[in-house]
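Here is what each chain is made of, one letter per residue.
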2 protein chains.
Amino acid sequence: MSGSLRIIPLGGYGEVGRNMTVIEYDGAIIVVDCGLMFPEGDMPGVDLVVPNFTYLADNVERVLGYFITHGHEDHHGALPYVLPHAPAPIYATRLTRGFIEVKLKEHRLLGSAEIVTIAAGETIEVGPFRVEPFRVGHSIPDAVGFAVDTPLGLVLHSGEYKFDLTPVSGKSTDLHALAAYGQRGVLALMADSTNAERHGHTPSESVVREALEHVFERAEGRIILATFASNISRVQEVVNVAEDFGRKVGLAGRSMEQNIAMARNLGYLEAAEGTLVGLKELDALPDDEVVVCCTGTQGEPTSALVRMANDTHRDLSLRPGDTVILSATPIPGNEELVHRTIDNLFRRGAHVVYQSLMPVHVSGHASREEMKLLLKLVSPRYFIPAGGEYRMLVLHAELAESLGMPPEDVFVVESGEVVAFDGNGARRDGTVPGGYIYVDGLGVGDIGEVVLRDRNHLARDGFVVVVVAVDRQSAALAREPEILTRGFVFLPEAGELIAELRAYVADLVAQEHGSHDALIGRIRSGLGDLVNKRTGRRPMVLPMVIDV
Amino acid sequence: MSGSLRIIPLGGYGEVGRNMTVIEYDGAIIVVDCGLMFPEGDMPGVDLVVPNFTYLADNVERVLGYFITHGHEDHHGALPYVLPHAPAPIYATRLTRGFIEVKLKEHRLLGSAEIVTIAAGETIEVGPFRVEPFRVGHSIPDAVGFAVDTPLGLVLHSGEYKFDLTPVSGKSTDLHALAAYGQRGVLALMADSTNAERHGHTPSESVVREALEHVFERAEGRIILATFASNISRVQEVVNVAEDFGRKVGLAGRSMEQNIAMARNLGYLEAAEGTLVGLKELDALPDDEVVVCCTGTQGEPTSALVRMANDTHRDLSLRPGDTVILSATPIPGNEELVHRTIDNLFRRGAHVVYQSLMPVHVSGHASREEMKLLLKLVSPRYFIPAGGEYRMLVLHAELAESLGMPPEDVFVVESGEVVAFDGNGARRDGTVPGGYIYVDGLGVGDIGEVVLRDRNHLARDGFVVVVVAVDRQSAALAREPEILTRGFVFLPEAGELIAELRAYVADLVAQEHGSHDALIGRIRSGLGDLVNKRTGRRPMVLPMVIDV
């Protein structure tokens, strides 16, 4: 009991997505999840955001393994970016491993990665930890949480779960395991906070089954259903309903095809012989025997659904009579793109069904009453809300307090904030590097706040570059100043303004006899003010003075 | 009955906000509403979006008046931009006039504008039209719809309405007037589609009253309530509840102060002597006697609420014990900013109450059952869904069809699409210029798709400007090429890359002996490819070749 246990959230605490938690005992580190998130509105040009893995990279010899809860990208998608800097074995259930392998292969890292298949109910010994995965029900099969036995006590991470007692495919959260952990005594619980704003109990997947049946019963033409490429359970439901209604199912989009093939190979998707067919074969079928499963629920511009909505899909062209089902909700920040996609689907004459109209999607996350149930079953000594934006963490903490937990035993912590445990209890214990690392093109971590600030500035008002060629001898203008601008004014109609700016700069050069730096400074501020006076805008003004 | 009637939506049909409808009979034009909208995510730097008013500007001598339904900016906020190009009298109820005057004064247009005060139940004769405003209940007092009598028949515009039978302040939609119009016979109805995705009936404002009482009962410290500065009814409720609970109300934010002062002067906001106090006076009161009404429900960076959330407000600093109420929902597209604001309010230790948790806001728009009621009461011959994004128009149209209207009598039209009526019926009849006009700084309509495309490109990947000074005589490089870049890479760490780009350009110049244009073309494509190979990014590459 002499050692020290530290829990360090590196992502998924205070934000959506990008889940990663460090559990450390006497220097030995295991990591639960290694997820990414998609950039927010003020991160233009960023492709992906991964957790700040500096702490792992700096302590690479102490990292003993990555334990991945399930196959969603916000839980394993950062592995290709983190592994090269902090390699360690990956522990995952069979289907989750399948998803990870698809990703690592894309990044040519599959050969060098060590992956260990685990299953709920097993015990994995890693350094001072005994890790027991336990089954949780989520919107993807084969999801688990982890009970991590440490010399100081049992630490539980819920993963993402709901208590769906009538799941259509996949399995329910293991109530008995949770109850048994509660009996054994749990030192600390980390649990998913995503739906801490939702009262009651998240509806069962069986509700979706009923809604799909309702739509299939009434659809006279083709049915196109969009969902996440990783939502194997949803595709399973579609396959089941399609079989009941005598329809064949085609898959559109590379990620959808890849994932379903993988899930089928591993036995996680069951379809009768002949139910799943190629897109080409669908063409030969009558419309009322066709279902297409595709991606695009987030309005992603290159997805199959958005291409159909814009009538730019190579193989699929929507027509009146088609029914389109969006079986997902917009991730916060994607609402505009999603709404635009739905509008365009309607413009093609399709009948569109989405969650505002009918329960064709349910959340995979526990709502408040389920959160209470988890807290009661597990009865932890300490509680750390995980997996949610800051307000959700606070609401989850307040919920735990409403069940009787003393506020000082509940830790609302964000990326990089350490909670330390010893024989005397738990306390906040400083920070390690937290926050974001941006992936942009081939660069991982090479752009940061400076570049993003510039991009946001350029987005608002564009730029004005002024090139002043000065004669080396006379310090006089060697030629007219050149002005180059984009994103500021519509050039074909701005000739007069540009001429005024040129003349203004020429005047400045004639007056200024100091250094180039002084001249640059005067042009920047003087031109900025003039531009603002004329247009009310504040483009980035970048003077360049060259000697010739 | 010989004339021709045309209805032309210029905004608010197929999008949110920016409402404007032209009603034209034998050349005479009246305009219902003249609203603006706030820019969407792919319109960076744009301050406001107004309807394309080209048709009005081109036919200015035929524009007889603007009839404004209510005091929200998406219904009158474009007047300052449109009036200078198409001046005509403005017809508005007293409170709506108050809002318009505030706006016109800001733009120094109040002196030149002609405003006529109207009231529900009156008849205004304008050219061939007899216009009758009728009372509607909405989230602002003194709102009306318009019944426009034309020689071809009665045209009804609902404005924005709900059937709230127990409004807390303000009045209900005039059921009897609508029934009477239905009896008289209505040629065409245009009606608000905003909530066409919502089943049932929009809750009454009295629900908000109850939620506020619940919060006031439990709050031990100060209460800060954020709502729209135009939401006079909500502020009235806050004043009422505050008086019941012995609290004083202060106003934070210029627009909030201005609007409330105006509404109070006109008698639309009632408060006991001493209930409304200055912010400074609040400081002297115990926390449990304080309410602050402020703006910022959309996460606007300069609003009072966001300043408090970021702890940068001059006069108000949040502290644990404060209760903050967000009494509004995010306008689509603002979700990220709103969520970030709520997160930061929690970070300050405040107790935050918002709609996901408690009904501290209800919509001002009719839901599907109310839409059916309106359609039944009015029983129009033709129906044109108005005021909503495209999917909402379609859903509203389908709703009308579900009540028995033949699909050919329902017109889903977007900005600029004309519906023409004559003795034989109604038909689509071509288009007039529609779409957006952007306001950016002082410019109205001077930036368009080209500039926005550039801004979006700059936002994603930044730019690289290359300046090549070539000797006039020898056509050789007069000096090393200069590279200027922003938003592309973090410069302090990109020295090697920049050096490579310079060397590459120098090589190109040495090889290329054609025109400057040819050289520019080669630099642009060659450098673009090289940059992409090294970084995976596609910045805007802008070469400039100057002779010296």
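Residues numbered from 1 in each chain as written. Chains lettered and ligands numbered in written order. Predicted model: local features only at pLDDT ≥ 70, side-chain atom pairs only at ≥ 80, totals over all residues. Heavy atoms only, no water.

Chemist: Please explain the overall build of chain A as it appears in this structure.
Modeler: Of the regular secondary structure elements, chain A holds 16 helices and 28 strands. Judged by the C-alpha coordinates and their principal axes, chain A covers about 85 × 70 × 45 Å. In chain A, of all internal contacts separated by at least 6 residues, the share reaching a separation of at least 24 is 70%. Surface accessibility of chain A: about 20500 Å² in total, with carbon and sulfur atoms responsible for 49%. In chain A, which carries 49 positive and 74 negative side-chain charges, the distance between the mean positions of the two groups comes to 3 Å. (Helix = DSSP H or I, 4+ residues; strand = E, 2+ residues; numbered from the N terminus. Contact = heavy atoms within 4.5 Å. Areas by Shrake-Rupley, 256 points an atom, 1.4 Å probe, with all protein chains shown as cover. Lys, Arg positive; Asp, Glu negative; His and termini not counted. Charge placed at Lys NZ, Arg CZ, Asp CG, Glu CD.)

Chemist: Would you mind showing me how to read the sheet that holds strand β28 (residues 540-547) of chain B here?
Modeler: Strand pairing within a sheet occurs via backbone hydrogen bonds; the two strands may be parallel or antiparallel. Residue and element names in this part refer to chain B. Taken in spatial order, the three strands make up an open sheet running β27-β26-β28, and their pairing is mixed. Strands with a single pairing partner mark the edges of an open sheet, and in this sheet they are β27 (482-486) and β28. In this sheet, adjacent strand axes meet at a mean angle of 15 degrees when their direction is disregarded. Sheet topology note: the strand β26 (residues 463-470)/β27 ladder contains five bridges and is antiparallel. Following the sheet pairing, Phe463 is matched in β27 by Arg486. Strands in contact with helix α16 (residues 516-535) are β26 and β28; relative to β28, the strand with the most contacts, it is inclined by about 150 degrees. (Pairing = 2+ DSSP bridges. Axes fitted to C-alpha atoms, helices over the stretch in contact; angles between N-to-C directions.)

Chemist: Looking at this structure, I do not really get the pairing of strand β26 (residues 463-470) of chain A. What am I missing?
Modeler: Consecutive side chains of a regular strand alternate in pointing toward one face of the sheet and then the other. All names here are of chain A. For β26, the tally of buried residues reaches eight of eight residues, placing the bulk of the element in the interior. Here β26 shows two buried faces, one formed by Phe463, Val465, Val467 and Ala469 and the other by Val464, Val466, Val468 and Val470. Bridge count for β26 against strand β28 (residues 540-547) is eight bridges, and the pairing is parallel. Bridging from a neighbouring strand, Val470 pairs with Asp547 of β28. (Buried < 20%, exposed > 50% of the residue type's maximum accessible area, 1.4 Å probe, protein only.)

Chemist: Just checking my understanding: could you explain the domain arrangement of chain A for this structure?
Modeler: Put simply, an interface is often sized by how much accessible area is lost when its parts join up. Under the domain assignment used here, chain A contains domain 1 (5-200 + 363-444), domain 2 (206-353) and domain 3 (462-547). The C-alpha-based centres of domain 1 of chain A and domain 3 of chain A are spaced at 53 Å. (Domains from an automatic or database assignment.)

Chemist: Is there a simple way to think about the relation of the copies chain B and chain A in this case?
Modeler: Put simply, the second copy of the chain is the first one after a rotation about an axis and a shift along it. Its rotation angle being 180 degrees, the transformation that places chain B on chain A also includes 0.0 Å of axial translation and leaves an RMSD of 0.0 Å. Here the two chains are linked by the operation of a two-fold rotation axis. Relative to the rotation axis, the C-alpha of Ala459(B) is the closest in chain B, positioned 2.4 Å from it. Same-surface contact between copies: 100% of interface residues of chain B are shared with the interface of chain A. (Least-squares fit on C-alpha atoms with pLDDT ≥ 70 in both.)

Chemist: Please clarify how the interface of chain B and chain A should be interpreted in this entry.
Modeler: Each partner contributes residues to the interface: chain B has 69 residues there, and chain A has 69 residues. Interface area, chain B with chain A, both sides summed: about 5900 Å², of which 58% is carbon and sulfur. Seen at the junction of chain B and chain A, the total is twelve salt bridges. Across the contact surface, chain B and chain A share 28 residue pairs in polar contact (both at pLDDT 80 or more). Counting only elements with at least two residues in the side of chain B that touches chain A, the list comes to α11 (335-347), α13 (390-402), α14 (449-461), β26, β27, α16 and β28 of chain B. Across the side of chain B that touches chain A, the residue classes tally to 28 nonpolar, 15 polar and 26 charged. (Buried area = accessible area lost by both parts, 1.4 Å probe. Salt bridge = Lys/Arg side-chain N within 4 Å of Asp/Glu carboxyl O. Polar contact = N/O pair within 3.5 Å; in protein donor to acceptor, adjacent residues only side chain to side chain. Nonpolar A, V, L, I, M, F, W, Y, C, P; charged D, E, K, R; others polar.)

Chemist: Can you help me understand the packing of aromatic side chains in this one?
Modeler: Between two aromatic rings, the relevant description is the distance of the centres plus the angle of the planes. Residue and element names in this part refer to chain A. Taken as a whole, this structure holds 17 aromatic pairs over all chains when the rule is applied. With centroids separated by 4.4 Å and ring planes inclined at 5 degrees, the aromatic side chains of Phe67 and Tyr91 adopt a geometry described as stacked. Remark: Tyr91 occurs in strand β7 (residues 90-92) and Phe67 occurs in strand β6 (residues 63-67); sequence separation between them is 24 residues. Each member of the pair, Phe67 together with Tyr91, is buried. When the centroid spacing of 6.3 Å and the interplanar angle of 50 degrees are considered together, the rings of Tyr382 and Phe411 count as tilted. (Phe/Tyr/Trp six-rings, centres within 6.5 Å; stacked < 30°, edge-to-face > 60°.)

Chemist: Would you take a moment to explain the sheet that holds strand β18 (residues 323-326) of chain A for this structure?
Modeler: Residue and element names in this part refer to chain A. Read across the sheet, six strands follow the order β16-β15-β17-β14-β18-β19 without closing on themselves; strand pairing throughout is parallel. Both outer strands of the open sheet, β16 (276-277) and β19 (351-353), are each paired with one neighbouring strand and no more. Helix-sheet contacts for helix α7 (residues 232-244) involve β14 (223-226), β15 (248-252), β16 and β17 (290-294), and the interaxial angle to β17 is about 180 degrees. Across the sheet, helix α11 (residues 335-347) touches β18 and β19, and the angle it forms with β18 is around 170 degrees.

Chemist: What's the story with the environment of Ala499(B) in this structure? I'm lost.
Modeler: All names here are of chain B. Position of Ala499 among the secondary structure elements: in helix α15 (residues 495-511). Here Ala499 falls in the partly exposed class, since its relative accessible area comes to 41%. Residues Ala499 and Ala309, 190 residues apart in the sequence, show an inter-C-alpha distance of 44 Å.

Chemist: Honestly, the pattern of salt bridges in this entry has me stumped. Any pointers?
Modeler: Think of it this way: side chains of opposite charge can pair up when their charged atoms draw near. Counted under the stated rule, the structure contains 75 salt bridges over all chains. The closest approach of N and O atoms between Arg209(A) and Glu213(A), which form a salt bridge, is 2.7 Å. With Arg209(A) and Glu213(A) both in helix α6 (residues 205-218), this residue pair falls four residues apart, about one helical turn. Under the relative-accessibility criterion, Glu213(A) is labelled partly exposed at 25%. Notably, a salt bridge pairs Glu106(B) with Lys103(B), separated by 3.6 Å at the nearest N-O pair. Within this pair, Glu106(B) and its partner Lys103(B) are both found in helix α4 (residues 94-106), separated by three residues, close to a single helical turn. Accessibility expressed as a relative area gives 19% for Lys103(B), which makes it buried. Salt bridges linked by common partners bring Arg6(A), Glu24(A), Arg62(A), Asp422(A), Arg427(A) and Asp429(A) together as one network.

Chemist: Can you walk me through helix α12 (residues 368-378) of chain B in this structure?
Modeler: Along an α-helix, residues three or four apart share an orientation, since each turn contains 3.6 residues. All names here are of chain B. Listing the buried residues of α12 in full gives Arg368, Glu370, Met371, Leu374, Leu375 and Val378. All buried residues of α12 project into a common sector of 160 degrees when viewed along the axis, lining one side. Contacts made by the buried residues of α12 are with β12 (153-157), α5 (175-184), β13 (186-192), β20 (380-386) and α13. At the C-terminal side of α12, Ser379 shows a positive phi close to 40 degrees. (Arc of directions from axis to C-beta.)

Chemist: Can you walk me through the packing of helix α15 (residues 495-511) of chain A against helix α16 (residues 516-535) of chain A in this structure?
Modeler: Residue and element names in this part refer to chain A. Viewed as axis vectors pointing N to C, α15 and α16 meet at an angle of 150 degrees, and their least axial separation amounts to 10 Å. As summarised for this structure, α15 and α16 are arranged roughly antiparallel, according to the angle between their axes. Relative to α16, the crossing made by α15 is right-handed. Within the contact between the two elements, α15 uses Leu497, Glu500, Leu501, Tyr504, Val505, Leu508, Val509 and Gln511 and α16 uses Leu519, Arg522, Ile523, Gly526, Leu527, Leu530, Val531, Arg534 and Thr535. When its residues are assigned to classes, the contact of α15 with α16 shows eleven nonpolar, three polar and three charged. (Parallel < 35°, antiparallel > 145°, perpendicular 65-115°, else oblique. Left-handed = near helix turned anticlockwise from the far one by under 90°.)

Chemist: How do you make sense of unusual backbone geometry when you look at a structure like this?
Modeler: Residues other than glycine predominantly adopt negative phi, and peptide bonds predominantly adopt the trans conformation. All names here are of chain A. At Asp33, a residue that is not glycine, the phi angle is positive and equals roughly 70 degrees. With respect to the element layout, Asp33 can be found in the loop between β4 (28-32) and β5 (48-51). We classify Asp33 as buried; its relative accessible area is 0%.

Chemist: Before we go on, may I ask you to explain the packing of helix α5 (residues 175-184) of chain A against helix α12 (residues 368-378) of chain A in this structure?
Modeler: A pair of packed helices can be characterised by two numbers: the angle between their axes and the separation between those axes. Residue and element names in this part refer to chain A. The geometry of α5 relative to α12 is characterised by a closest axis approach of 7 Å and an angle of 45 degrees between their N-to-C directions. Classed by the angle they form, the pair α5 and α12 counts as oblique. Contact residues: α5 offers Leu175, Leu178, Ala179 and Gly182, while α12 offers Leu373, Leu374, Leu377 and Val378. Here the residues of the contact of α5 with α12 sort into seven nonpolar, one polar and no charged.

Chemist: Can you help me understand a nonpolar patch on the surface in this one?
Modeler: On the surface, a nonpolar cluster with roughly 260 Å² of combined accessible area is contributed by Leu165(A), Leu175(A) and Leu373(A). One can find Leu175(A) in helix α5. (Patch = residues over 30% accessible without salt bridge, like charges linked within 9 Å, V, L, I, M, F, W, Y side chains within 5 Å.)

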